[in-house]
Amino acid sequence: MNDSPATVFVADDNPSILQGLDRALKVTGYNVRTAVSGRGVLDLLEQAEEMPDLLLLDVMMPEMSGLEVLRALRMDPRFVDIPVVLITATNDGALPVSALRDGAVDFLTKPFRLDELLARVESHVRRNRDLRRAREAARMRLQAIDLIRELNRVVTADEMFHLVTSRTSEILGVSRCSVLAVQEGESVARVAASSEAELTDGLEVDLALYPEVRQALQTRRPVLVRDVATSPLFDGVRIEWEKREMPLPLRSVIVVPFPITEQLTGVFVERATVDEPVLGEEAAELAERVVEAIVQACGRVQLFQKLVEQRKRLHDLAHTDELTGCDTRRSIITYLESELDEARASGTPLSIVILDLDRFKEINDTCGHLAGDAVLRALGAWLGNEGLRTVDRAGRYGGDEFVVVLPGTPAAGAAALAERARVHFAGIPFVFGGTAVRGSLSAGVAAWPESDAATAEELISLADTALYQAKQLGRNRTCITPAAAVA
C-alpha cells in the first residue's frame, strides 16, 4: 500500500454482495464508496474531489451495465486512466475478452474467493499508484526543464528567485513557495521572494517558529516532512502556532538549503496546507533540481554582474575624466553634437559655456601640481553634484578648461549658470602648505539659434571667442557671444 489509504468505488445491484465487498475492503484499509447502478457510479465520479484508485463493477446492473460504464469512462479524458475490474455471474466466455478489449484491467466470475479479489485489488491499486507517480514525476521533470530554461535567461538574483517561487507553486499546485536568505549566526531569515502575498520581500521570519528550516541549515541537507501534524520535529511549535493564529495548518513541507556566499545561505521552501496535495518524493526531487539550477544561475548572475561592472568601469575610463569626474573631451563633444542636432530638429534653444581657471599656471608653479589637481577637482565636484540639471553635461575640454552643454537653455540662462559657477568658485578657500589661495574663473557663452553656428565646432569657437573677451576685460567675469560683459 502507498502513503495514504486507497479509494475504491464499488457498484453492484445485489445488496448482500455490495455490503460484503464494502465491509471486506474497509477492514483491509481502503476508503470505499458504493453505488447500486452503473449510473450511480458515474454520479460518484462526477462528485468526487479526487479520482479513486480502482473501480469494482458488476457487469449486469440496471440503467447501465458495467460494460457500458467502462466504455463511457474510456471516452472521458477525466476518467480514462482509472483501472476497472469487472465482476459477473455469467459463464459467457466471450465476455472477459470483450471487457479486456474495452479497457478493463481484470475480470472476475461469481462466486469469487474473497482473498483472491482482495489480492487482485491490491495489485491493481499498487500498479495504478505507481503509474500515477511515474506520470507525475515525468510531468514535474518536463516542467522543471522548462523552468531551468527560463532561469538561463534571467540576469538578476531578484528576478531568478521570483521566477522560481511562482513557477514551482504552479507546478506543485500549492500556494506557498519561498526563498529565504539567512545570515550566518542569525536567528531570523529574510524573505528574498515568495508566492505568498503576505510574505513581502525583505520581511524577517523568526526561525524559532520554523524547525524544519533550522534543521536544514544545521545539517546542510534537504528536509522532507510528509505529515506535519504527526512529525516530532514540530512538537515544540504547534502551541505557538495556535497562539499566533497562523494560517491554514501545514500538511507537508520540503526545505532545501543552498549557498549564496560564505556568510549567507539560501533556503528554498515548498509548503502544502491541509487542503493542498501532499508533497512527496516527486516534489522533493523537483526542489533539489530547482536548487541546483539556482546555484548555477547564481554563479552566472554574479559573473554577469561582474562583466557589467567591468564594462561600466571601462566605459567610465573611456568617457569620464579620472581627475574631475566630468566627461572627457571626446565624450562632451559627442554629446554637444547630438544635442545640437536635437535642438535643430525641435527648434529648442541650446547653449554652451566654456569655463577657464584664471592664472592656473601660477597655482601649479607656486603650490605644485597636486594643488592644481585639487583646484580642478573642486570645480568638477561642483559641476557634478550641485551646478547642473540632469540633462546638462560638463566635460573637461583641456587642462584647466571645461565645456558645459545646456540643452533647452538660451544664452541668458547659460550666463546665469556661468555666474553661479564663478561666484561659487571664487568663494572656495584653498590652503596649500600653509598658504591660502583663492582662485577665479572666466566664462564664455554661445547659444543656438541666437548665433549662426552650424556645427558643434563653430559653437565652441564662438564660446571660446567670448571667453577670450572675458580674459581681455580683466578675468573673473562672463561674456556672451556677441561679446558683452556680464558683471
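What comes next is a walk through the structure. What you see is a predicted model; the values in this text were computed from it and never measured.

### Focus on the sheet that holds strand 9 (residues 223-225)
Phase 1 of the analysis: Taken together, the 6 strands give an open sheet; going across it, the order is 8-7-6-11-10-9, and neighbouring strands pair in antiparallel fashion. At either end of the open sheet lies a strand with only one pairing partner, and these are strand 8 (204-206) and strand 9. Sheet twist, expressed as the average angle between the axes of neighbouring strands with direction ignored, equals 30°.
Phase 2 of the analysis: For strand 7 (residues 188-194) and strand 8, the ladder comprises 3 bridges, and the chain directions are antiparallel. From the neighbouring strand, Val188 faces strand 8, where its bridge partner is Asp206.

### A look at the environment of Asp12
Phase 1 of the analysis: Position of Asp12 relative to the elements: it lies in the loop between strand 1 (7-11) and helix 1 (15-28).
Phase 2 of the analysis: What makes Asp12 buried here is its relative accessible area of 2%.
Phase 3 of the analysis: If we skip the residues at most four places from it in the chain, Asp12 touches Ile17, Leu18, Ala35, Val36, Asp58, Met61 and Lys110.
Phase 4 of the analysis: Within the local environment of Asp12, its side chain forms a polar contact with the backbone nitrogen of Asn14, the two atoms lying 2.8 Å apart.

### Quick word on empty space enclosed by the protein
Phase 1 of the analysis: Scanning the model with the defined rule gives 1 cavity of 30 Å³ or more in all.
Phase 2 of the analysis: Taken together, Ala137, Met140, Arg141, Glu282, Glu285, Leu286 and Arg289 make up the full set of residues lining the largest cavity.
Phase 3 of the analysis: When residues of the lining of the largest cavity are traced back to their parent elements, those giving at least two are helix 5 (114-151) and helix 9 (281-319).
Phase 4 of the analysis: The element contributing the most residues to the lining of the largest cavity is helix 9, with 4 residues.

### Concerning the pairing of strand 10 (residues 250-259)
Strand residues, when the strand is regular, have side chains that alternate between the two faces of the sheet.
Phase 1 of the analysis: The buried count for strand 10 comes to 8 of 10 residues, which makes it a mostly enclosed element.
Phase 2 of the analysis: Two strands pair when backbone bridges link them, and strand 9 and strand 10 are joined in this way by 3 bridges, in the antiparallel orientation. Bridge assignment links Val223 to a residue of strand 10, and that residue is Val255.
Phase 3 of the analysis: Bridge analysis of strand 10 against strand 11 (residues 264-273) gives 9 bridges, and the strand direction is antiparallel. Residue pairing in the sheet places Ser252 in a bridge with Ala272 of strand 11.
Phase 4 of the analysis: From the end of strand 10 to the start of strand 11, which pair antiparallel, there are 4 residues.

### Some details on the layout of surface pockets
Phase 1 of the analysis: Computed from the structure, the largest pocket encloses a volume of approximately 1500 Å³.
Phase 2 of the analysis: Lining the largest pocket are 43 residues, with Ser4, Glu50, Arg132, Pro277 and Val278 sitting closest to its centre.
Phase 3 of the analysis: No other element matches helix 5, which puts 8 residues into the lining of the largest pocket.
Phase 4 of the analysis: For the lining of the largest pocket, the class distribution of residues is 16 nonpolar, 7 polar and 20 charged.

Reading the values: rules and limits
- Residues numbered from 1 in each chain as written.
- Predicted model: local features only at pLDDT ≥ 70, side-chain atom pairs only at ≥ 80, totals over all residues.
- Heavy atoms only, no water.
- Pairing = 2+ DSSP bridges.
- Helix = DSSP H or I, 4+ residues; strand = E, 2+ residues; numbered from the N terminus.
- Axes fitted to C-alpha atoms, helices over the stretch in contact; angles between N-to-C directions.
- Buried < 20%, exposed > 50% of the residue type's maximum accessible area, 1.4 Å probe, protein only.
- Contact = heavy atoms within 4.5 Å.
- Polar contact = N/O pair within 3.5 Å; in protein donor to acceptor, adjacent residues only side chain to side chain.
- 1 Å grid on protein atoms, 1.4 Å probe; cavity = no way out; pocket = protein on both sides within 12 Å on 5 of 7 lines; lining within 4 Å.
- Points joined across faces, edges and corners; volume = space filled by probe spheres on them.
- Nonpolar A, V, L, I, M, F, W, Y, C, P; charged D, E, K, R; others polar.

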